[in-house]
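Descriptive analysis of the structure
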Amino acid sequence: MENTSKISIVNLNVAAGKTQILKNINIEIPKNKITVILGPSGCGKTTLLKCLNRLTDLYPELKVSGKVMIDGNDVLEAKEDIYQLRQHMGLLSQRPYPLPMNIYNNVAYALKLKGVKKRRDLHKQVVSYLQQANLWEEVKYRMREPASNLSIGQQQRLCLARGLAVSPDIILADEPTSALDPISSQSIEEKFVELKKDYTIVLVTHVLRQAKRIADYVVFMYLGEVIEQGTNFMIFENPKMEKTKQYLGGTFN
Amino acid sequence: MKRSRKIEEAIFKVLMVFSTYFILLILALIIYSIFEKGIKAISWEMISQIPSGGYYYGKGGGILNAILGSLSLAFGATFLAFIIGLPVALYMNVFLVQKKKLVGVIRFILDLVWGIPSIVYGAFGFSMMIFLGIQTSLLAGMLTVTLFILPIMIRSMDEILRTIPVGLMEASYSLGSNKSEVAFKIFTRQSFSGIITAILLSFGRAIGDAASVLFTAGYTDNLPNSLMEPVATLPLSIFFQLASPVPEVQNRAYASALILTLIILIVSLFSRGLGKRYHKTKINF
Amino acid sequence: MYLLNRNQRHRVNYTWMIVSLLLVASLPFLLFLGLYLKSFLLIHDYNLSDLLFSKEWKPGIGKFGFFPFIVGSIWVTLLAMLLSAPICLLTAIYVTHYTKKRFLRIMHPAIDILAGIPSVVYGVWGILVIIPFISHYLGPFFGVNTLGYSILAAALVLSIMIIPFILNILIEVFQAVPIELEEAALSLGATQWQTVKHVVIKKSLPGIIAAFGFGLARAFGETMAVLMVVGNVVKLPKSVFDPGYTLPALIANNYGEMLSIPRYDSALMFAALILLAVSLFFNLIMHFFIARYNKY
């Protein structure tokens, strides 16, 4: 697994009041690979993801310390350019949250924030991102409908298109298939595998089989700590720690 | 483009901070000016005596009649609203728990009634009094204020009761309780602090409102001693004293306003304190 | 120990609940019926549009034109909303999106106290502070000679009174916006303010409009505080510095003499009926509005 790392997390600690949510996290996330963060619910996976694009700012009660280096720049240090910084990362959350706009504007809004102004450019790019997310064929005649009219699976793909539209180089996905039916989940998973040649993907999940299917690199977390990390093969075929073995074996309490 | 956006953000941020502190400042200003004016005129005589002969021309006496009148009117109305309101709130949340639509309609009606201005209740109370041939009296005022605070009482209790999980109800049924036992024994206990808050909120409304008692309760310089006699109320006593051209009487109006404000503040303080204290008896889910 | 056995007690409780519920549910209809019957004499003898749009108010000679009061009420209400709405909106955004949660713990009691202060006390405060402010500073500043008792004074006092009411609803409305939606916008690179402007406000627009609608209805019926500072002069106001008269003030001010002049009591009950109708109408519209747009 020797590869240049895209994100390196160094001594990351997050606390809410007296409760420590993340303890001394050190992770190297490789470029153009799918890194899966695995663990039971409540282990701090989602918080970790939110540290990467500083959505922790929304929760003033959280205290974050340590370093999150992306391409050598510390995200946690950034002050002025945090908004542009977030555009390097597309976010896909547990449930789709389309913006309160029509389908077209959901993608166009991201482009406008990036500075695309001309109508023709906007249209061309919206179409292209919807195609990338495998949604275009289904929505091409209903671009002016509110996004909430779409099915959950379609909404999630719309959110993917929206996330891609900021032309990020990282995709952060927080259990993106947990609210979807098996077929929609499969199409998202396939998309991820396809996308990894252009993007670095960080996927949070608690579904073992999903992790095994698509992960290149796996980080196993428990109670706010990284228990073990390594390649797909290392973790699934040859786990070293007792906790990891238990979790993978299903004998976890 | 970038710069104008930053300026826009900065302007709105300033406006937001300004609005927020403006509201806090106004509150402080209101409290301050009521205290500052009222404290000068307040005296033991004012709270302990009824108006003497020439009170409204600046002679001695106090507003004990209005203080006691207001308290008894508000206590009575709150009590009546409670014994009508609690069953309604319980009925909505225990008996009608499966009929979401019907409960929705009832909540809707209650919200409508909540929005009706108190002067309308006053006018309605007055027309009822003529219809039934009753004079302005403590009873008439009490009944009118009861109607006025009823929606407040019910909706506040309802908001607490509706948060009780169905599981608690099912558990009680499985022990053999019938519906009204679940309502009056389990639900009232579980939401005790909320019910107290609802009662105090209604009491505050009842004691502070003038428009609904203007026609119905009348006014008198004597202490209330029967349900069928007119009764003085604090808000009205403020209003009448302020209308006097004599400066001393006007000053007493300020003092009366201070007394009323203090009562309201104490009630709201109590409702916060009691709410917290009785939270302990609640089972947390 | 108990007078009745379990089943009897259940039956008593049940009847008691049903009777109370019926009483409460019939309240709006009772109110409407009671006021309608009392104002029937007036409606029967006069043309409804004459009553609403005639400017002449001389109860002594049987002339009942409600137009000045209706116009006065509308002026005061709209002006109060105009002053209060932006302050409430900005504050609600600030306390829900720019401050720590701890700040709301200061704000909530403050709002509660503002909401709890009785109307009469607001009136006293208006006389103590707003009236001199207008007659000494604001009036002369605009070159107007005024005693202070005016449409503007009423609107100023009223705008403060409805702040807690509107603000409470707005805070609730903004808190109902899922935080994930904001995360989505922020992850696209939107700033906090852009998120508020394009997503939060848009998402909660029906709620915002409803909050203002409820506030408007509340302001329209407010009695004592307005009565104490509005001046109570029956004429069509030409500027905000003119004194005016509102419908609730009309009712409250004349209850003493209403039985001595023929049809005067009917006229006042008719004024109450208008208030009831306006209040029910606004609240109805707003409820349906929310119910309809909640789906979006």
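Residues numbered from 1 in each chain as written. Chains lettered and ligands numbered in written order. Predicted model: local features only at pLDDT ≥ 70, side-chain atom pairs only at ≥ 80, totals over all residues. Heavy atoms only, no water.

Another aspect to go through is the overall build of chain B. Assigned secondary structure in chain B consists of eleven helices and zero strands. Going residue by residue from the N terminus, the α and β elements of chain B occur as α-α-α-α-α-α-α-α-α-α-α. Dimensions of chain B, computed from C-alpha atoms along their principal axes, come out at roughly 70 × 70 × 35 Å. Within chain B, buried positions represent 53% of all 285 residues. Within chain B, residue pairs in contact and separated by at least 24 positions form 74% of the contacts whose partners lie at least 6 positions apart. Charge centroids of chain B, computed over 24 positive and 13 negative side chains, lie 11 Å from each other. (Helix = DSSP H or I, 4+ residues; strand = E, 2+ residues; numbered from the N terminus. Buried < 20%, exposed > 50% of the residue type's maximum accessible area, 1.4 Å probe, protein only. Contact = heavy atoms within 4.5 Å. Lys, Arg positive; Asp, Glu negative; His and termini not counted. Charge placed at Lys NZ, Arg CZ, Asp CG, Glu CD.)

Residues and elements named next belong to chain A. Across the sheet, four strands lie side by side as S2-S1-S4-S5; this open sheet has antiparallel pairing. A single partner strand is all that each edge strand has here, and the edge strands are strand S2 (19–30) and strand S5 (73–74). Of the strand pairs in this sheet, strand S4 (residues 62–70) and S5 are connected by two bridges, and their pairing is antiparallel. Paired with Ile70 across the two strands is Asn73, which belongs to S5. Taken strand by strand, helix H1 (residues 45–52) contacts strand S1 (5–16), S2 and S4, and its axis lies near 120° from that of S1. (Pairing = 2+ DSSP bridges. Axes fitted to C-alpha atoms, helices over the stretch in contact; angles between N-to-C directions.)

All names here are of chain C. Enumeration over the complete set of coordinates arrives at one cavity of 30 Å³ or more. In this structure, the largest cavity spans a volume of roughly 40 Å³. Forming the walls of the largest cavity are Ser73, Val76, Thr77, Leu158, Ala219, Phe220, Glu222, Val226, Thr246 and Pro248. Those elements that place two or more of their residues in the lining of the largest cavity are helix H4 (67–97) and helix H10 (205–221). Ranked by residues supplied to the lining of the largest cavity, first place goes to H4 with three residues. Tallied by class, residues from the lining of the largest cavity come to six nonpolar, three polar and one charged. (1 Å grid on protein atoms, 1.4 Å probe; cavity = no way out; pocket = protein on both sides within 12 Å on 5 of 7 lines; lining within 4 Å. Points joined across faces, edges and corners; volume = space filled by probe spheres on them. Nonpolar A, V, L, I, M, F, W, Y, C, P; charged D, E, K, R; others polar.)

This part is about the nonpolar core. Ranked by internal contacts, the top residues of the largest apolar core, which has 237 residues, are Leu130 and Phe192 of chain A together with Phe66 of chain C. Split by domain, the residues of this core number at least three in each of domain 1 (6–31) and domain 2 (44–294) of chain C. Setting aside residues no more than four positions away along its own chain, Phe66 of chain C makes contact with Leu42, Leu51, Leu52, Ser54, Trp57, Leu247, Leu250, Ala267, Phe270 and Ala271 of chain C. Membership of the second largest hydrophobic core comes to 35 residues, among which are Leu48, Val75, Val202 and Val219 of chain A. (Core = buried A, V, L, I, M, F, W, Y, C linked by side-chain atoms within 4.5 Å. Domains from an automatic or database assignment.)

Residue and element names in this part refer to chain A. Alignment of strand S9 (residues 217–222) against strand S10 (residues 225–231), held across six bridges, turns out to be antiparallel. Bridging across to S10, Met221 finds its partner in Val226. Between S9 and S10, which pair antiparallel in sequence order, lie two residues; one of them, Leu223, sits at a positive phi of approximately 50°.

The subject of this paragraph is the interface of chain B and chain C. In this complex, chain B contributes 80 residues to the contact, which on the side of chain C involves 77 residues. Between chain B and chain C, the buried area comes to about 7100 Å², and carbon and sulfur atoms account for 80% of it. At the junction of chain B and chain C, the tally comes to one salt bridge. The closest approach of N and O atoms between Glu8 of chain B and Lys197 of chain C, which form a salt bridge, is 2.7 Å. The interface formed by chain B and chain C includes ten residue pairs in polar contact (both at pLDDT 80 or more). (Buried area = accessible area lost by both parts, 1.4 Å probe. Salt bridge = Lys/Arg side-chain N within 4 Å of Asp/Glu carboxyl O. Polar contact = N/O pair within 3.5 Å; in protein donor to acceptor, adjacent residues only side chain to side chain.)

Here we come to helix H3 (residues 64–95) of chain B. Residue and element names in this part refer to chain B. The end-to-end C-alpha separation of H3 is 45 Å, in line with the 46 Å expected for 32 residues at 1.5 Å each. At Phe82, H3 is bent by approximately 25°, the largest bend along its length. Taken across its 32 residues, H3 has 24 buried, putting it largely inside the fold. (Expected span 1.5 Å × (residues − 1). Bend = angle between axes of the 7 residues up to and from the residue.)

For the rest of this paragraph, the subject is the sheet that holds strand S6 (residues 89–92) of chain A. Residue and element names in this part refer to chain A. The six strands are arranged S6-S7-S8-S3-S9-S10 in an open sheet whose pairing can be described as mixed. Single-partner strands in this sheet number two, and they are S6 and S10. Across the sheet, the mean angle separating the axes of adjacent strands is 15° when strand polarity is ignored. With five bridges joining them, strand S7 (residues 170–174) and strand S8 (residues 200–205) adopt parallel strand pairing. Of the residues in S8, the one forming a bridge with Leu172 is Val202. Sheet strands in contact with helix H6 (residues 152–165) are S6 and S7, and its direction is about 170° off that of S6. Lying over the sheet, helix H10 (residues 242–249) contacts strand S3 (34–38), S9 and S10, oriented at roughly 100° with respect to S9.

Right, let's talk about the pattern of salt bridges for a bit. Summed over all chains, the structure comprises 25 salt bridges over all chains. The partner of Glu138 of chain A in a salt bridge is Arg157 of chain A, with the nearest N and O atoms 2.8 Å apart. Residue Glu138 of chain A is found in helix H5 (residues 136–139), and its partner Arg157 of chain A is found in helix H6; the two are separated by 19 residues along the sequence. In this structure Glu138 of chain A comes out as partly exposed when scored by relative accessible area, which is 35%. Lys58 of chain C is paired through a salt bridge with Glu56 of chain C; the nearest N and O atoms lie 3.3 Å apart.

This next bit is on the packing of aromatic side chains. Two descriptors summarise a pair of aromatic rings, namely the distance from one centre to the other and the angle between the planes of the rings. Counted by the stated rule, this structure contains 30 aromatic pairs over all chains. Centre to centre, the rings of Phe53 of chain C and Phe67 of chain C are 6.0 Å apart; their planes meet at 55°, and the pair counts as tilted. Of the two residues, Phe53 of chain C is situated in helix H3 (residues 48–53) and Phe67 of chain C in helix H4; the sequence distance between them amounts to 14 residues. The class of Phe53 of chain C is exposed, set by a relative accessible area of 55%. For Phe67 of chain C, a relative accessible area of 21% gives the class partly exposed. An aromatic cluster is present here, built from Tyr46, Trp57, Phe64, Phe66, Phe69, Tyr245, Tyr264 and Phe270 of chain C joined pairwise through their rings. We note Arg144 of chain A situated over the ring of Tyr104 of chain A; from NZ or CZ to the ring centre the distance is 4.9 Å. The ring of Phe165 of chain C has Arg218 of chain C lying over it, and the distance from NZ or CZ to the ring centre is 4.3 Å. (Phe/Tyr/Trp six-rings, centres within 6.5 Å; stacked < 30°, edge-to-face > 60°. Lys NZ or Arg CZ within 6 Å of the ring centre and 35° of its normal.)

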